[in-house]
Amino acid sequence: MFEEASEVFDNMFKSSFPLTFIVFIPAVLILVSPLPAEAAHEFTVYRMQQYDLQGQPYGTRNAILNTEARTVEAEVLSRRCVIMRLADFSYDKYQKALRQSAGAVVIILPKNMSAVPQDIVQQFMELEPEMLATETIVPVYFAMEDDELMSIYTQTLTSSSSQGSLSAAEVLLHTATANGFQMVTSGAQSKAINDWAITSLEGRLAGVGGEDLPTIVVVAHYDSFGVAPWLSYGADSNGSGVSMLLELARLFSKLYTYKRTHAAYNLLFFVSGGGKFNYQGTKRWLEDNLDHTDSSLLQDNVAFVLCLDTLGNGDSLHLHVSKPPKEGTPQYALLKELEMVIMSQYPEVKFSMVHKKINLADDMLAWEHERFGIRRLPAFTLSHLPSHRLAQRSSIMDVRSVSPSSRHGAGEPPAGPHVDVKKLGRNTKVVAEALARVIYNLTEKGAPGDLQIFTEQMQVQEEHLSAVVDWLTAQPRAAQLVDKDSSVVSTLEYHLGRYLKDVKRHYVKADKRDPEFVFYDQLKQTMNAYRVKPAIFDLLLAVCIAAYLGMMYLAIQNFGVLYGVVRRITQPKAKSH
């Protein structure tokens, strides 16, 4: 019976190829069917800055990603999405990914940025300007750490790291059998944003006693800056400066309410936009007031312009000037009053004047007062930073506060820039007292240096300062994200309107023919990580299928022979007598 079945199958497979095809095609389809891609995780990523300034491109120029994940430990990074944690990030590793033409770079940030150790914070802040110094075609993203993303990173790290110590055959086998992750972004390619308007705000307190009264201008820019716009909260730079300006407006509006304390100075408050982009809002405001109108407080008797920048921490205050003030001028009087108030009331604070000439050859101005200095208006910037080059002025690490766990020792400062409300309140009191002494000419009237004007009902309110900083740092304020309809602008306008008169907006748009600045979209995207087999797995699977089909074909074509061999092997031997 078995011999007959053998002949039937043998003849069937040899003479009827379609029947053979029908029998084996289901098995082949099952074997070669692609493995379904499993969506391992979906998460939000924040793209690195992309903008043009003075015709020079900065940041990443790409926003599309669809490639396999690797960590920087892998030997080959070309056309791969390189994932690295902030704790392991270095400029050399970043450059390695760029040199090998990686498909993208994803940097995983910890959930609590304020708890990052100080050495890591300082290193990353110093690297941020380097990352933005030149353009790159490699898309660079930042993602906030979560359990699923860390699991993806750990599996990818294990896969990438193990390959260095294995033989070639082991690497091939490991690569073919390991699970991988395909990283895919949902957004489109980035494009320039047309007609973007940067908004600035002004308000004033009019002096009393004459027509040609001197004007004191108080300025602070409200926008923030960092390597990724959606992660730029700018607590100290310059949430502290804006909160101080609003508190000064509140205090002096009270003084100007009463006839007895209504001074013979106009006070002009200006909250500027685009500060981190070469102070574009201030530049346009000056052009509007000095070139395009016949009546402006800036065209008359300007005593001085005081710019407030990064004042939420430290035990030192620096008055940055482009030209040292001359004795007998209002700006010299402010310098001396600041020295007197600090020496008499806050001896623990170190005060100094920092002189730096304006370098028009630089792409970026150092401080905001230089915009006024170019238009020959006496101006200076007050900051607790001794230099404009310090990295904390433009970092995503500039957050509201820090956790005590980030401190390495009891006497060491907390990690990264942040706002200390006590010190912000003290600095606000110093500025308020010094301005009042200039406005009311108290030194020439013989008032002692330790005389305090802002006490009791008129004292600086730290809870107001804290509330403003909390509100400002509740959302990113990068210039690309704050349009004219933003809640940031409307809320600032509301607060200015509570204390000042003639509050108005000023807009600046880039020139269409020769734009000074260009912003781009796709700064916040959704990324999907799909669990997939590597590409070499498909090749190995195809080889195995081909070998299997070849063996089956040979077995079918020689079914009779094969059956005879098997039968001879399995047939019991006859006993010999």
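Residues numbered from 1 in each chain as written. Predicted model: local features only at pLDDT ≥ 70, side-chain atom pairs only at ≥ 80, totals over all residues. Heavy atoms only, no water.

(A) The overall build of the chain, seen in detail. A count of helices and strands for the chain gives 15 helices and 19 strands. Per-residue burial for the chain yields a buried fraction of 50% across its 577 residues. Summarising the internal contacts of the chain: among those between residues at least 6 apart in sequence, 81% fall at separations of at least 24. Of the roughly 27,500 Å² that the chain leaves accessible, carbon and sulfur atoms contribute 55%. (Helix = DSSP H or I, 4+ residues; strand = E, 2+ residues; numbered from the N terminus. Buried < 20%, exposed > 50% of the residue type's maximum accessible area, 1.4 Å probe, protein only. Contact = heavy atoms within 4.5 Å. Areas by Shrake-Rupley, 256 points an atom, 1.4 Å probe, with all protein chains shown as cover.)

(B) Region of interest: the sheet that holds strand E15 (residues 350-355). Pairing is mixed across the open sheet formed by 8 strands, whose spatial order is E15-E14-E16-E13-E11-E12-E10-E17. Unpaired on one side and paired on the other, E15 and strand E17 (501-509) mark the two borders of the sheet. Between one strand and the next, the sheet's axes are offset by a mean angle of 20°, whatever the strand orientation. Sheet analysis places strand E11 (residues 215-221) next to strand E12 (residues 266-272), joined by 7 bridges and oriented parallel. In the sheet register, Val218 faces E12, and the bridge partner there is Phe269. (Pairing = 2+ DSSP bridges. Axes fitted to C-alpha atoms, helices over the stretch in contact; angles between N-to-C directions.)

(C) Representation of the pattern of salt bridges within the structure. Per the counting criterion, the structure on display carries 21 salt bridges. When the shortest N-O distance is used, the salt bridge between Asp52 and Arg61 registers 2.9 Å. No difference in accessibility class separates Asp52 from Arg61, as the two residues are buried. For Glu433, the salt bridge identified is with Lys429, shortest N-O distance 3.9 Å. Taken together, the residues Glu433 and Lys429, both in helix H11 (residues 421-439) and 4 residues apart, mark about one turn of the helix. Exposure class is identical for Glu433 and Lys429. Each is buried. Three or more residues are tied together by salt bridges with common partners; here these are Asp52, Arg61 and Glu135. (Salt bridge = Lys/Arg side-chain N within 4 Å of Asp/Glu carboxyl O.)

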